[in-house]
Amino acid sequence: MAPPLSSLYTLSFLCALLITLFVGASLRLLAILPRARFQPTAIRRKPSPTRVLVVLGSGGHTHEMMYLLRALDPRTYTHRTYIVSSADSFSAARAREFERLLEDKIKDEQITRAIQKQSFQGMKEGNGVLRLEETEPGRPACVGPAHYDIAVIPRARKIHQSLLTTPFTALMTLLFSFKPLLSATPWIPDQAPQNAREAAARDLPDLILVNGPATAVIVVLASLILRFFNIKGANSRDKCKTVYVESFARVKTLSLSGKLLIKVVDRFIVQWEELEGKGGRAEFWGILV
Amino acid sequence: MAEISENPLSPDSKVCFVTTGATAPFTELIRSVLRPSSLDALGHAGYTHLLIQYGTARSVFQQSVEVAQAHLQSEGGKVALTIAGFDFDNNALKDQFKLVQDSKGLVISHAGSGTILAALRYQVPLVVVPNTSLLDNHQEELAAAMERSNYLLKGDVDNLDTVISTAEDFRVKMSQFPPITSGKHRETKSFGAIMDETLGFMD
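- For chain B, an unreviewed UniProt entry supplies the name UDP-N-acetylglucosamine transferase subunit ALG13 and the organism Polyplosphaeria fusca.
- Check the Catalytic activity (unreviewed entry) section of the UniProt entry for chain B; it says "an N-acetyl-alpha-D-glucosaminyl-diphospho-di-trans,poly-cis-dolichol + UDP-N-acetyl-alpha-D-glucosamine = an N,N'-diacetylchitobiosyl-diphospho-di-trans,poly-cis-dolichol + UDP + H(+)".
- UniProt annotates chain B under Subcellular location (unreviewed entry) with the comment "Endoplasmic reticulum".

- Chain A is annotated in an unreviewed UniProt entry as UDP-N-acetylglucosamine transferase subunit ALG14 from Polyplosphaeria fusca.
- In the Subunit (unreviewed entry) part of its UniProt record, chain A is described as follows: "Heterodimer with ALG13 to form a functional enzyme."
- In its Sequence similarities (unreviewed entry) section, the UniProt entry covering chain A states "Belongs to the ALG14 family."

Quick look at the overall build of chain B
Consideration 1: For chain B, the count of helices and strands is nine helices and six strands.
Consideration 2: Within chain B, the proportion of its 203 residues that are buried is 52%.
Consideration 3: A fraction of 72% describes how many contacts in chain B between residues 6 or more apart in sequence connect residues 24 or more apart.
Consideration 4: In the structure as shown, chain B presents an accessible area of about 9300 Å², 50% of it carried by carbon and sulfur atoms.

Overview of the confidence of the model for chain A
Consideration 1: Per-residue pLDDT for chain A has a mean of 88; in total, 91% of the residues score no lower than 70.
Consideration 2: The secondary structure element of chain A with the lowest average pLDDT is helix α3 (residues 89-122) of chain A, at 88, and the one with the highest is strand β4 (residues 207-210) of chain A, at 98.

Looking at the sheet that holds strand β1 (residues 15-19) of chain B
Residues and elements named next belong to chain B.
Consideration 1: Read across the open sheet, the six strands follow the order β3-β2-β1-β4-β5-β6; overall the sheet is parallel. Each end of this open sheet is capped by a strand with a single partner; those strands are β3 (82-86) and β6 (153-154).
Consideration 2: Alignment of β1 against strand β2 (residues 49-53), held across five bridges, turns out to be parallel. Looking at the pairing, cysteine 16 lines up with leucine 50 of β2.

What to know about empty space enclosed by the protein
Residue and element names in this part refer to chain A.
Consideration 1: Summed over all chains, the structure comprises two cavities of 30 Å³ or more.
Consideration 2: The computed volume of the second largest cavity comes to approximately 30 Å³.
Consideration 3: If you trace the second largest cavity, you find it lined by Ala36, Arg37, Phe38, Asp266, Arg267, Phe268, Arg281 and Glu283.

A closer look at the interface of chain A and chain B
Consideration 1: Taken together, the contact pairs 42 residues of chain A with 37 residues of chain B.
Consideration 2: Inspection of the region where chain A meets chain B yields one salt bridge.
Consideration 3: Here Arg267(A) and Glu197(B) are joined by a salt bridge, their closest N and O atoms 2.6 Å apart.
Consideration 4: Inspection of the region where chain A meets chain B yields seven residue pairs in polar contact (both at pLDDT 80 or more).

Side note on the side chain of Arg250(A)
Consideration 1: If you trace the backbone, Arg250(A) turns up in the loop between β5 (241-245) and α7 (256-261).
Consideration 2: Buried and unpaired, Arg250(A) has no salt bridge, with Glu246(A) as the nearest side chain of opposite charge at 5.3 Å.

Structural notes on the sheet that holds strand β2 (residues 79-85) of chain A
Strand pairing in a sheet is mediated by backbone hydrogen bonds. Such pairs are either parallel or antiparallel.
Residue and element names in this part refer to chain A.
Consideration 1: On the basis of which strands lie adjacent, the open sheet formed by seven strands has the order β3-β2-β1-β4-β5-β6-β7 and parallel pairing. In this open sheet, the two strands that pair with only one neighbour each are β3 (148-153) and β7 (282-284). For this sheet, the mean angle separating the axes of adjacent strands, direction not counted, is 25°.
Consideration 2: Here six bridges tie β2 to β3, and the two strands are oriented parallel to one another.

A closer look at the UniProt feature "transmembrane region" (unreviewed entry) in chain A
Residue and element names in this part refer to chain A.
Consideration 1: What UniProt calls "transmembrane region" (unreviewed entry) maps, in this numbering, to residues 6-30, 163-188 and 208-229.
Consideration 2: Along residues 6-30 the backbone is 80% helical and 0% strand, and the end-to-end C-alpha distance reaches 35 Å.
Consideration 3: Annotated as 65% helix and 0% strand, the span residues 163-188 places its first and last C-alpha atoms 41 Å apart.

As for the side chain of Glu246(A)
Consideration 1: By secondary structure assignment, the location of Glu246(A) is in the loop between β5 and α7.
Consideration 2: When sequence neighbours within four positions are dropped, the list of residues in contact with Glu246(A) reads Glu64(A), Leu254(A), Ser255(A), Gly258(A), Ile269(A), Val270(A) and Gln271(A).

Examining the nonpolar core
Consideration 1: Counting 65 residues, the largest nonpolar core has Leu69(A), Leu209(A), Phe248(A), Ile116(B), Met146(B) and Phe191(B) as the members making the most contacts within it.
Consideration 2: If sequence neighbours within four positions are ignored, Phe248(A) has contacts with Glu64(A), Gln271(A), Trp272(A), Ile287(A), Val289(A), Ser113(B), Ile116(B), Leu117(B), Leu142(B) and Met146(B).
Consideration 3: Core analysis: the second largest hydrophobic core is formed by 36 residues, Val18(B), Ala45(B), Leu106(B) and Leu160(B) among them.

Thresholds applied
- Residues numbered from 1 in each chain as written.
- Chains lettered and ligands numbered in written order.
- Predicted model: local features only at pLDDT ≥ 70, side-chain atom pairs only at ≥ 80, totals over all residues.
- Heavy atoms only, no water.
- UniProt positions renumbered as here; feature names shortened; annotations may be inferred.
- Helix = DSSP H or I, 4+ residues; strand = E, 2+ residues; numbered from the N terminus.
- Buried < 20%, exposed > 50% of the residue type's maximum accessible area, 1.4 Å probe, protein only.
- Contact = heavy atoms within 4.5 Å.
- Areas by Shrake-Rupley, 256 points an atom, 1.4 Å probe, with all protein chains shown as cover.
- pLDDT = per-residue confidence, 0-100.
- Pairing = 2+ DSSP bridges.
- 1 Å grid on protein atoms, 1.4 Å probe; cavity = no way out; pocket = protein on both sides within 12 Å on 5 of 7 lines; lining within 4 Å.
- Points joined across faces, edges and corners; volume = space filled by probe spheres on them.
- Salt bridge = Lys/Arg side-chain N within 4 Å of Asp/Glu carboxyl O.
- Polar contact = N/O pair within 3.5 Å; in protein donor to acceptor, adjacent residues only side chain to side chain.
- Lys, Arg positive; Asp, Glu negative; His and termini not counted.
- Axes fitted to C-alpha atoms, helices over the stretch in contact; angles between N-to-C directions.
- Core = buried A, V, L, I, M, F, W, Y, C linked by side-chain atoms within 4.5 Å.

Set out below in structure tokens:
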């Protein structure tokens, strides 16, 4: 005969339960945490739509992130989501400016190409109208407001906020960071994805780029939780790869955010040689900003 | 900028631009650059204009300028230096850096990493002065490391005159920033390449 249910309410059972959970969680963590050194995984082909999530925060970090992103190719990174803290209008404005410049750059390229083609054909036909092609050769450049979104989440800690209340505000930040992680805000609300690129934008990010602000630590934590429980296949589909870039201003020691994240991000990049190999895994490829 | 237009720039102009940080202005730097020894060094190196962003430290700037003007007059116009100042700029100091670039001048700056990154993109000689009164701050380390890599010159508030003279030689031998190849690795990666590699895009 089965023992009465009340026998489960004992201290020893509680202990056994906690230990089982603890061991299980540890094993799971070990399974999802990255290896010491980054190793390139499965080779993908570039035409696959890719969503990248960029965490911006406070003046200096945002500046550096924008310098890092100057080589971003909108043909590969088809959707960009920028996470900014509430009341940080500066970072949101910088993200919009960056996207506008990206759009201008692509337009200039199209015009140059059209002129080149025209001058070639002009020799044969001689009509003076410049025609920009709607479809480009190869992969289209994904620029313009439909291809990026800016998500605002509450600040983890306000300046001069007491340390006592910080855990609560940080928890709020954590809760609010799940939404932009799970999906980008669609350009046209309530419309089902029309193509593979839109579907990728509504999916988990392929890549998460962070560089130092407190918000970044929390967003990385949220992405780990998604991987831990394999929500939307975050772990099994190899989504939410994280890259941390230590600030260019850090020459000899890591920042607090860096120390917190060095073991958990997929790649940890430093910009001064003296920091190479920190935590057994910091990579150095020269100054990147 | 209104003040500098009273004495418009000619092709012979040479501008020294000093930025002290907007939020917590580095008042020692304002005083130091307006000291007689610094003014003489600027005059000797052929500078015609000294432009200072003083942030919230307007009174320090005004006091120091009075002393500086008195010094310039007592020298009997041997050093013809136009001094102007402004508090803030909405365009991230782009116009000022351009002015220095066009006039083959010099930027003297506090050691904030943002200003360093912005100024170096104009390929102008840059002198940074770490603010040693700030606690637990990595300005000193960054400035020293950047100087070792030959990107800029590190100065301090007591020796601005010597570093202003050194800057003339430095102009021709400074390293390019951002570096095309840097570090010990032969195949230097751009951040774009790092992103691609992380996702397995190898083509």
